[in-house]
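Notes for the structure review
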Amino acid sequence: MLPEAEINRVLVVTAHPDDVDFGAAGSVALFVDKGVEVTYLLVTDGDAGGNERTLDNSGMAELRRTEQRTAAKAVGVTDVRFLGYSDGQVVPSLELRRDISRVIRQVRPDLVITHHPDRNYQHVAPSHPDHRAVGGCALDAVYPDARNPYAYPELVKDEGLAAWTVREVWLTGGSSPNHWVDITEAMDRKLAALQSHVSQVAHVEGFIDFVRTRFAAWGQEAGLPAGHYAEAFQVVATA
Ligand SMILES: [Zn+2]
C-alpha cells in the first residue's frame, strides 16, 4: 500500500450524490484532517432519486447537487465536480473514460477512490449498474488512459493536460475488502454528511441506527474494539 505520507491528493469518483458518504466519507474526513486535498467527481446528478416522486422530477438534479455540496462540507471537502450524465443510464463508454481521465489529469491524485466494478452477490445495493459502469470506467481511466499521452490526444493538444499516473485505487462496495479504516473519530461527520442528503434519507425511519450498525459490523470484521466503526475497501496497486 501507498505510505500515508505519500498521499497528498485524493480523487473520489462516484455515480450519484450520497455514494461517497455511504462508502468513504469517514475516511475522507480523516484524510482532510491530515491536510490531504480531496476532490469529489460525480458522474450523475442523482436526478432519478428521491422520495416525493412526481412524474416530472425537474429540480431534483439541482437539489441533489446542493445536498452533495453540503455533505462534502461536513467532512471538509469544497472541490465538488459534476459530469451531468443521466441517473440510471450510465454505461461503460470511451466518452466517460475520457471525462474521468480529464479530471484525473487536472487533479493529479495519488489515490483514486471509486466503486467496485464487479457485481457483489452478497448485497445488491453496491452493484447498481451506474456504480459498476463508473467503477469500471474510473479504473480504465486510471489504467491505461490517464497515463497514456496518446489516449484522447485532444486532452493534451486542446487543454494542455499532461499524462498522469495514479498509484493506487481503493474500491468500495466489493465482496472481498482487504483494507479497513477505523473511522470512529469521524463517525459524527460521516453521519452529518449522510443526513445532508435530505431528499434521500429524511423519510427513512431509524436511518442513524442503520448506519451505525452497518459500520460497527465492519469495525468488528476489521478486528477493532467494540464501539468502533470502520469503512472497508479493496486496495488495488496501479503504479
Ligand atoms: Zn449510487
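These lines cover the structure that appears in this document, whether it is placed above or below. (Residues numbered from 1 in each chain as written. Predicted model: local features only at pLDDT ≥ 70, side-chain atom pairs only at ≥ 80, totals over all residues. Heavy atoms only, no water.)

Focus on unusual backbone geometry
Applied cut-off: Each helix is a run of H or I in the DSSP string that is no shorter than four residues. Each strand is a run of E no shorter than two, and both are numbered from the N terminus. Exposure classes here rest on a 1.4 Å probe applied to the protein chains alone. A residue is buried below 20% of its type maximum, exposed above 50%, and partly exposed in between.
In the segment running from Y143 into P144, the intervening peptide bond is cis, with an omega of 10°. Tracing the sequence through the fold places P144 in helix α5 (residues 129-145). In the Ramachandran plot, D18 falls in the positive-phi region, its phi being about 90° despite a non-glycine side chain. A relative accessible area of 11% places D18 in the buried class. One non-glycine residue with positive phi stands out, namely Y152, at about 50°. Of note, Y152 is situated in the loop between α5 and α6 (153-157).

Some remarks on the side chain of D45
As a reminder of what qualifies: Any pair of N or O atoms that falls within 3.5 Å is considered a polar contact. Within protein, one atom must be able to donate a hydrogen and the other to accept it, and sequence-neighbouring residues count only if both atoms are side-chain atoms. Should any heavy atoms of two residues lie within 4.5 Å, those residues are considered in contact.
Looking at where D45 falls in the secondary structure, it is placed in the loop between β2 (37-44) and α3 (60-74). When its relative accessible area of 9% is taken as the criterion, D45 is described as buried. In terms of polar contacts, D45 uses its side chain to reach the side chain of R65, at 2.8 Å. Those residues in contact with D45, other than ones at most four positions away along the chain, are P17, A61, R64, R65, F82, G84 and Y85.

Thoughts on the coordination of the zinc ion
Inclusion rule: Only nitrogen, oxygen and sulfur atoms qualify as donors, and only when within 2.8 Å of the metal (3.2 Å in the case of Na, K and Ca); with water excluded, sites may look incomplete. Only two sets of limits are used to name each site, 85 to 135 degrees for every angle of a tetrahedral four-donor site, and over 155 degrees for opposite donors with all other angles from 65 to 115 for a square planar four-donor or octahedral six-donor site, with any other site named irregular.
Within the protein, the zinc ion binds to H16 (ND1), D19 (OD), D19 (OD) and H131 (NE2); these donor distances fall in the range 2.0 to 2.7 Å. In this structure, the zinc ion is coordinated by four donor atoms arranged in irregular fashion, with angles at the metal of 53 to 128°. As a motif over one chain, the donors of the zinc ion read H-x2-D-x111-H. Of this pair, H16 sits in the loop between β1 (9-14) and α1 (19-23) while H131 is found in helix α5, placing the two residues 115 residues apart along the sequence. For the pair shown, H16 and H131 are each scored as buried.

Some words on the packing of helix α7 (residues 187-195) against helix α9 (residues 207-221)
Counted only if it meets this: Helix axes use the C-alpha atoms of the stretch in contact, all axes being lines fitted to C-alpha atoms, and the angles between their N-to-C directions lie in the range 0 to 180 degrees. Should an angle fall under 35 degrees it is called roughly parallel, over 145 degrees roughly antiparallel, and 65 to 115 degrees roughly perpendicular, with every other angle called oblique. Each crossing gets its handedness from the near helix: less than a right angle anticlockwise from the far helix is left-handed, clockwise is right-handed. Asp, Glu, Lys and Arg are counted as charged, while Ala, Val, Leu, Ile, Met, Phe, Trp, Tyr, Cys and Pro are counted as nonpolar; the rest, among them Gly, fall into the polar class.
Contact pair α7 / α9: the axes reach a minimum separation of 11 Å and the direction vectors enclose 135°. As far as their axial angle goes, α9 and α7 are oblique. You can see that α7 and α9 cross each other, and the crossing is right-handed. Contact residues: α7 offers M187, D188, K190, L191, L194 and Q195, while α9 offers F207, I208, V211, R212 and F215. Looking at the contact of α7 with α9 residue by residue, the classes come out as seven nonpolar, one polar and three charged.

Some thoughts on the pairing of β1
We apply this condition: Paired strands are those between which DSSP finds at least two bridges.
Taken across its six residues, β1 has five buried, putting it largely inside the fold. Bridge count between β1 and β2: six bridges; the pairing is parallel. Looking at the pairing, V12 lines up with Y40 of β2. The pairing of β1 with strand β4 (residues 111-115) spans four bridges and is classified as parallel.

Describing the nonpolar core
The condition that has to hold: Residues grouped as a nonpolar core are buried Ala, Val, Leu, Ile, Met, Phe, Trp, Tyr and Cys residues, joined through side-chain atoms within 4.5 Å.
In this structure, V10, F31, V38, Y40 and I113 are the most contacted members of the largest nonpolar core, which totals 38 residues. Counting residues per element, this core draws most heavily on helix α2 (residues 25-33), which supplies five residues. When near neighbours in sequence (up to four residues on either side) are disregarded, V38 contacts V10, V12, V28, F31, V32, V77 and D79.

Description of the sheet that holds β1
Ordered by their spatial adjacency, seven strands build an open sheet running β3-β2-β1-β4-β5-β7-β6, and the pairing between neighbours is mixed. Where the open sheet ends on each side, the last strands, each with one partner, are β3 (79-85) and β6 (179-182). Going from strand to strand, the sheet's axes swing by 25° on average, the running direction of each strand aside. Where α5 meets the sheet, its contacts fall on β1, β2, β4 and β5 (168-172), and the angle it forms with β4 comes to roughly 155°.

What to know about the pairing of β5
For β5, a buried count of five out of five residues is recorded, marking the element as mostly surrounded by other parts of the structure. Where burial is concerned, the two faces of β5 agree: the one with E168, W170 and T172 and the one with V169 and L171 are both buried. Bridge count for β5 against strand β7 (residues 230-237) is four bridges, and the pairing is antiparallel. Note on β7: the bridge partner recorded for L171 is Q234.

Describing α7
Residue pairs spaced three or four apart in an α-helix point in one direction, given the helix's 3.6 residues per turn. The following threshold applies: Arc definition: it is the arc formed by the directions from the helix axis to the C-beta atoms.
Within α7, the full set of buried residues consists of M187, K190, L191, A193 and L194. Taken down its axis, α7 places every buried residue within 160° of arc, on the same side. In this structure, the buried residues of α7 make contact with α1, α2, α3, α8 (198-201), α9 and β7.

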